[in-house]
Structure formats: C-alpha cells, structure tokens
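What follows is the residue order along each chain.
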2 protein chains.
Amino acid sequence: MPRYELFYWPEIQGRGEFVRLVLEDAGLDYVDIGRKDPDRIEAALEGELAPWAFAVPVLRAGDLVIPQTVAITRYLGERHGLAPADEAGRLHAHAIALTIADLVNEVHDTHHPISVMDVYEKQREAAAQRARVFREVRMPMFLGYLERLLGHDRTSDGRFLAGDRVSYADLAAFQVIEGLRYAFPRALARIAGDLPKLMALRDRIAERPRIASYLASPRRLPFNQSGIFRHYPELDR
Amino acid sequence: MPRYELFYWPEIQGRGEFVRLVLEDAGLDYVDIGRKDPDRIEAALEGELAPWAFAVPVLRAGDLVIPQTVAITRYLGERHGLAPADEAGRLHAHAIALTIADLVNEVHDTHHPISVMDVYEKQREAAAQRARVFREVRMPMFLGYLERLLGHDRTSDGRFLAGDRVSYADLAAFQVIEGLRYAFPRALARIAGDLPKLMALRDRIAERPRIASYLASPRRLPFNQSGIFRHYPELDR
C-alpha cells in the first residue's frame, strides 16, 4: 500500500501540480489516483473523501484526509525536509504559499471572471478586461513581492523564499512561473528583467535532480487549455 | 507591551475580522494598530512588515511577523484553545478555514469581478452576472459543504465543524454567515432552511460570552460599503 494517495483530475496540472511537485521532489511513495482511475475522483468527493473535501486536490495519508492545496504541501513539506526548520521560517513559508495560491486564483479568473460553470468563450469580454488588469497590475505586484523576499534574507543569500533550505514555497513559485510562461509569455517577458532572483530560483528548482527527472517523465502533464494556466493570445497582449 | 499586534485597515471588518474574533474569543492581550494609528498600516507594509507581508491582515507576535488570515487564525487557535487537539482535527480545521477564505474571495469578486483598482460602479454589469452565479450556485455549494460537516462527526454531535471543541474554523463560519446576512439577505434567506445546523452554529457562536461582549462593543465595526461584504440590492435578487 502506498504511503500517500493524491486525488486530483487526471487531465490537467491544475492545483494538483503543486502537490505533485512536493511528492516528487521529496521522493515519496504515492499514487496519483486520477491517472490510474479517472472515474474515481468525482465518486471519491461524494464518497471516501466526504465530508472533508470541498474540492480536489486531496491527499490521503493512511486514515488522514487532507484537502486544500496549501494545507497538503505544508503537511508534506514539514514532514519530509521541504520546509524551514524553525518556527518563523515555517510561518513564512506557509504565508508565501498562501499568497501564491491567491495569485493562482487570480490567474484562473482571467479566463473565468464571471462563472466557473460556463466556458471561456461565453465570458470573453469580461476576461479581456480582467486579464488586462492582471497583466498590468496584479501579476507585477505578486511577482515583485516574491522577488523582494529573495533579496531580503541574508542567511539564505537570496536562494530561498523562506528559511535556509528549499521549501514547498519555492516549488510553488517555480510552478507559478512555469504556468505564467505558458499563459502570459509576452506579459511575463516584459517584466522578467525586473525579477532576476525569482527567475534564477525557477532555474535552480528545474535543475533539482528529482524535479528534472519528473519534468522529463510522462507523469508531468503538459499545460493545456483545460487547466488553470491557459494561453489565449488575446489575453496576453 | 501587548502580546499581539494586529495590522489591518481601521475602517472595515474585512479579512481582519476573522483574526479579531479569535483574539477576542481567546481573551488575548492585543492592540488593533490601525484603529489606534490609521496611518501606520500603509507605512508598515513597506516598512516594519516588509518583506513578509503582501497584504494585511498581519499579526505580530514579538519578533514573529505572520501574514495571511488563515495562517494567523491557525497560529492563534492552536496556541490558545481554539483548535482541535488531535492532528486530524487540526488538519480539518485548517482546510475548512481555507475553504471559507475561498468563499470570502468569491464574495469580494461579486462586486469587483474585473478590477480591485476600480470602484464597483465601473464594473456593475459584470458584477450583476457574477453575483447571480454566486447566489444561485457558489454560495449554496459552499454553505452546503459546511452544513454537511456539521452533520457528520458523531463525536461532536454536529456542534463543531472539526474536532470536539470550538475552533477558529467555527468562528470563521460565524463571520461568513454574518457577512452574507448583510450582503445577500434575500439569497441567504431562500436557502437558510436547508442549513439548520450551520445557522444553529452561528447562533451558538454569537452567544459565547466574549463574542457577545465584543459584538456589543465599539471594537466591532459595523458592516459597510467599503468592506468585503457589501449590500447592493441589485446584486441580491
């Protein structure tokens, strides 16, 4: 029996990818339930994961049912060497991961500003407006915050977002940069020069042996137009 | 010197109110910095709270700077008797509080679906559409989830969302119901009959001595049209 079971949609990276990266980088024994048995996710939300899960991703660890992306990555990170050791660092990693989750929510709403129940094509006008504000104001604001974190802590020499080692917050930052490179390549290219430490962090994470191996494997799904990060050229002017 | 300092905007309940309720219910020694010195919040974000805080609320506990609403309430709750004692309960309280935070984000976007930089009046059409989806689909979905949590756990007899005692998740549920009663009284009244356990939880929290005393005090700001929960009759049909 595997140590961990991840419940998430099998067709997209989505929020589940933040969990997959931690599981992979820590070299943990896990099963990606949705990839093995796509029909089980919807059933699980009304069955074996109820009533605790409002949505996936959910991690099962033995008898524990853990919903919510940041709750899962924090749980895994603190148990498997991907979180700072001290209390201040742990609190900072948690807050940074939550802020990245807020950024991910805003990315989602660039293509779904009105309703998650409707397709993008039915909310294009509002999406164009919301995406403009995201590109010009919100994205630079969030990424500037991450850049400042990397410049601050003398003990880490700008290498880690929190504490003195790689944490789930750094893995989350990697994933959000990858997603933005896919969804908003033009807008990101315009500001990347102002984010040298963040871009260097992205590169260092990509080179970590287990992450590099994962990214090259069929377990890493490609970005696509069903996920949270979607590339609509008209939203990336 | 007070044990805790809360940094939040002084004019609104907003996300800071989730922290205030925990501080008040636990009877903690704290200063609401913004209420004492309104000019200090903006300055603090660029000064004493940098680089850790992307936004307020932020809690300062001695040398610790703790941003993000749920990170703060979890920190306080686990230290001061407002969290379950066991690991499963703590993970569930954390996930429930994060899901309530997601609900709060969606409430915010009913009146600001396009841009936080612009006033509601400049995004009324999109707001009308988003608010309809919120009233008809999202709000019942989130509140139904909370209701099912209360019905599930035999040990708590439906009294608590997680574990066997009142937690910061229960206080958050109280606050979100209060907010929805202010912002969407008609829409909430339509579904309240399907949420008997959640409404009873709201009443029990309101009657807790320290909460009742806080709600009757000038420390409890009234809801208003600058906060997250706003009442626009045209959005509450």
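No experiment lies behind these values; they were computed from the predicted model shown.

## Digging into the overall build of chain A
Turning to step 1, where the next piece is worked out: The helix and strand inventory of chain A stands at 10 helices and 4 strands.
Turning to step 2, where the next piece is worked out: Beginning at the N terminus, the succession of helices and strands in chain A can be written as β-α-β-α-α-β-β-α-α-α-α-α-α-α.
Turning to step 3, where the next piece is worked out: Here the C-alpha atoms of chain A give a radius of gyration of 18 Å, agreeing with the 18 Å that 2.2 N^0.38 yields for 237 residues.
Turning to step 4, where the next piece is worked out: Dimensions of chain A, computed from the C-alpha atoms along their principal axes, are close to 50 × 50 × 30 Å.
Turning to step 5, where the next piece is worked out: Within chain A, the proportion of its 237 residues that are buried is 62%.
Turning to step 6, where the next piece is worked out: Taking the contacts inside chain A whose residues are at least 6 apart along the sequence as the reference set, 72% of them involve residues at least 24 apart.
Turning to step 7, where the next piece is worked out: For chain A, the accessible area works out to roughly 9600 Å², and carbon and sulfur atoms hold 48% of it.

## Let's talk about the interface of chain A and chain B
Turning to step 1, where the next piece is worked out: Contact residues are listed per partner, giving 44 residues for chain A and 45 residues for chain B.
Turning to step 2, where the next piece is worked out: Carbon and sulfur atoms supply 66% of the area buried between chain A and chain B, which totals about 4200 Å² over both sides.
Turning to step 3, where the next piece is worked out: The largest per-residue losses of area from chain A upon contact with chain B belong to Trp52, Phe54 and Ile114 of chain A, which jointly make up 20% of the total buried on that side.
Turning to step 4, where the next piece is worked out: If you look at where chain A meets chain B, you find 4 salt bridges.
Turning to step 5, where the next piece is worked out: In this structure, the salt-bridge partner of Arg79 of chain A is Glu87 of chain B, at a minimum N-O distance of 2.4 Å.

## A few points about the confidence of the model for chain A
Turning to step 1, where the next piece is worked out: A residue-level look at chain A finds 98% of positions with pLDDT of 70 or above and a mean pLDDT of 96.
Turning to step 2, where the next piece is worked out: In the model output, the complex is listed with pTM 0.97 alongside ipTM 0.97.

## Some words on unusual backbone geometry
Residues and elements named next belong to chain A.
Turning to step 1, where the next piece is worked out: Note the cis peptide between Ala50 and Pro51, where omega equals -5°.
Turning to step 2, where the next piece is worked out: With respect to the element layout, Pro51 can be found in the loop between helix H3 (40-46) and strand S3 (58-61).
Turning to step 3, where the next piece is worked out: Note the cis peptide between Val56 and Pro57, where omega equals 10°.
Turning to step 4, where the next piece is worked out: Relative to the helices and strands, Pro57 is located in the loop between H3 and S3.
Turning to step 5, where the next piece is worked out: In the Ramachandran plot, Gln68 falls in the positive-phi region, its phi being about 80° despite a non-glycine side chain.
Turning to step 6, where the next piece is worked out: Relative to the helices and strands, Gln68 resides in the loop between strand S4 (64-67) and helix H4 (69-79).
Turning to step 7, where the next piece is worked out: Accessibility expressed as a relative area gives 18% for Gln68, which makes it buried.

## Considering the relation of the copies chain A and chain B
Turning to step 1, where the next piece is worked out: Once chain A has been moved 0.0 Å along the axis and rotated by 180°, it coincides with chain B to within an RMSD of 0.0 Å. Each copy turns onto its partner about a two-fold axis. Residue Pro113 of chain A of chain A places its C-alpha closer to the rotation axis than any other residue of that unit, at 3.0 Å.
Turning to step 2, where the next piece is worked out: When the interface residues of chain A are mapped onto chain B, 100% of them again fall at the interface, so both copies present the same face.

## Some remarks on the packing of helix H1 (residues 16-25) of chain B against helix H7 (residues 168-183) of chain B
All names here are of chain B.
Turning to step 1, where the next piece is worked out: Here H1 crosses H7 at 125°, and the two axes come no closer than 9 Å. As judged from the angle between their axes, H1 and H7 are oblique. Once H1 is placed against H7, the crossing between them reads as right-handed. Note on element contacts: H7 touches H1 through Tyr168, Leu171, Ala172, Phe174, Gln175 and Val176, opposite Glu17, Phe18, Leu21, Val22 and Asp25.

## Side note on a nonpolar patch on the surface
Turning to step 1, where the next piece is worked out: The grouping of Val116 and Met117 of chain A together with Met141 of chain B at the surface amounts to a nonpolar patch, some 260 Å² of accessible area in total.
Turning to step 2, where the next piece is worked out: When you line up the elements, Met141 of chain B lands in helix H6 (residues 124-152).
Turning to step 3, where the next piece is worked out: You can call Met141 of chain B partly exposed: its relative accessible area is 36%.

## Examining the environment of Gly151 of chain B
All names here are of chain B.
Turning to step 1, where the next piece is worked out: Positionally, Gly151 belongs in helix H6.
Turning to step 2, where the next piece is worked out: Overall, Gly151 belongs to the partly exposed group, its relative accessible area being 48%.
Turning to step 3, where the next piece is worked out: Spatially, the C-alpha atom of Gly151 lies 7.4 Å from that of Lys197, the residues being 46 residues apart in sequence.

## Considerations on the sheet that holds S4 of chain A
Residue and element names in this part refer to chain A.
Turning to step 1, where the next piece is worked out: A sheet is described by the order of its strands in space; here 4 strands give the open sequence S2-S1-S3-S4, paired in mixed fashion. Edge positions in the sheet fall to strand S2 (30-32) and S4, since each has one partner strand and no second. Each strand axis lies, on average, 20° off the axis of its neighbour in the sheet, ignoring direction.
Turning to step 2, where the next piece is worked out: As defined by bridge partners, strand S1 (residues 4-7) adjoins S3 across 3 bridges and the pair is classed as antiparallel. In the strand pairing of S3, Leu6 is matched with Leu59.
Turning to step 3, where the next piece is worked out: Running at roughly 125° to S4, H4 makes contact with S1, S3 and S4 of the sheet.

## Let's talk about the packing of aromatic side chains
Turning to step 1, where the next piece is worked out: Counted under the stated rule, the structure contains 12 aromatic pairs over all chains.
Turning to step 2, where the next piece is worked out: Taking 5.4 Å as the distance between ring centres and 70° as the angle between the ring planes, the aromatic pair formed by Tyr145 of chain A and Phe54 of chain B counts as edge-to-face. Placement of Tyr145 of chain A in helix H6 (residues 124-152) and of Phe54 of chain B in the loop between helix H3 (40-46) and strand S3 (58-61) is noted, with the two residues assigned to different chains.
Turning to step 3, where the next piece is worked out: Given the relative accessible area of 1%, Tyr145 of chain A is considered buried.

## A look at the sheet that holds strand S4 (residues 64-67) of chain B
Residue and element names in this part refer to chain B.
Turning to step 1, where the next piece is worked out: Sheet architecture is open: 4 strands sit in the order S2-S1-S3-S4, paired in mixed fashion. Lying at the two open borders of the sheet, with one neighbouring strand each, are strand S2 (30-32) and S4. When strand polarity is set aside, the average angle formed by the axes of neighbouring strands in this sheet is 20°.
Turning to step 2, where the next piece is worked out: Two elements, strand S1 (residues 4-7) and S2, share 3 bridges in a ladder whose sense is parallel. Each bridged residue has a counterpart across the sheet, and for Glu5 the counterpart in S2 is Val31.
Turning to step 3, where the next piece is worked out: Of the strands in this sheet, S1, S3 and S4 are in contact with helix H4 (residues 69-79), which crosses S4 at around 125°.

## What about the pairing of S3 of chain A?
All names here are of chain A.
Turning to step 1, where the next piece is worked out: Alternating residues of S3 divide into Val58 and Arg60 and Leu59 and Ala61, and every residue in both groups is buried.
Turning to step 2, where the next piece is worked out: Pairing analysis gives 4 bridges linking S3 to S4, with the strands arranged antiparallel. Counted as the bridge partner of Ala61 is Leu64 from S4.
Turning to step 3, where the next piece is worked out: Linkage of S3 to S4, two consecutive antiparallel strands, is achieved through a turn of 2 residues, within which Gly62 is found at a positive phi near 60°.

Parameters at a glance
- Residues numbered from 1 in each chain as written.
- Chains lettered and ligands numbered in written order.
- Predicted model: local features only at pLDDT ≥ 70, side-chain atom pairs only at ≥ 80, totals over all residues.
- Heavy atoms only, no water.
- Helix = DSSP H or I, 4+ residues; strand = E, 2+ residues; numbered from the N terminus.
- Rg over C-alpha atoms; globule rule 2.2 N^0.38 Å.
- Buried < 20%, exposed > 50% of the residue type's maximum accessible area, 1.4 Å probe, protein only.
- Contact = heavy atoms within 4.5 Å.
- Areas by Shrake-Rupley, 256 points an atom, 1.4 Å probe, with all protein chains shown as cover.
- Buried area = accessible area lost by both parts, 1.4 Å probe.
- Salt bridge = Lys/Arg side-chain N within 4 Å of Asp/Glu carboxyl O.
- pLDDT = per-residue confidence, 0-100.
- Least-squares fit on C-alpha atoms with pLDDT ≥ 70 in both.
- Axes fitted to C-alpha atoms, helices over the stretch in contact; angles between N-to-C directions.
- Parallel < 35°, antiparallel > 145°, perpendicular 65-115°, else oblique.
- Left-handed = near helix turned anticlockwise from the far one by under 90°.
- Patch = residues over 30% accessible without salt bridge, like charges linked within 9 Å, V, L, I, M, F, W, Y side chains within 5 Å.
- Pairing = 2+ DSSP bridges.
- Phe/Tyr/Trp six-rings, centres within 6.5 Å; stacked < 30°, edge-to-face > 60°.

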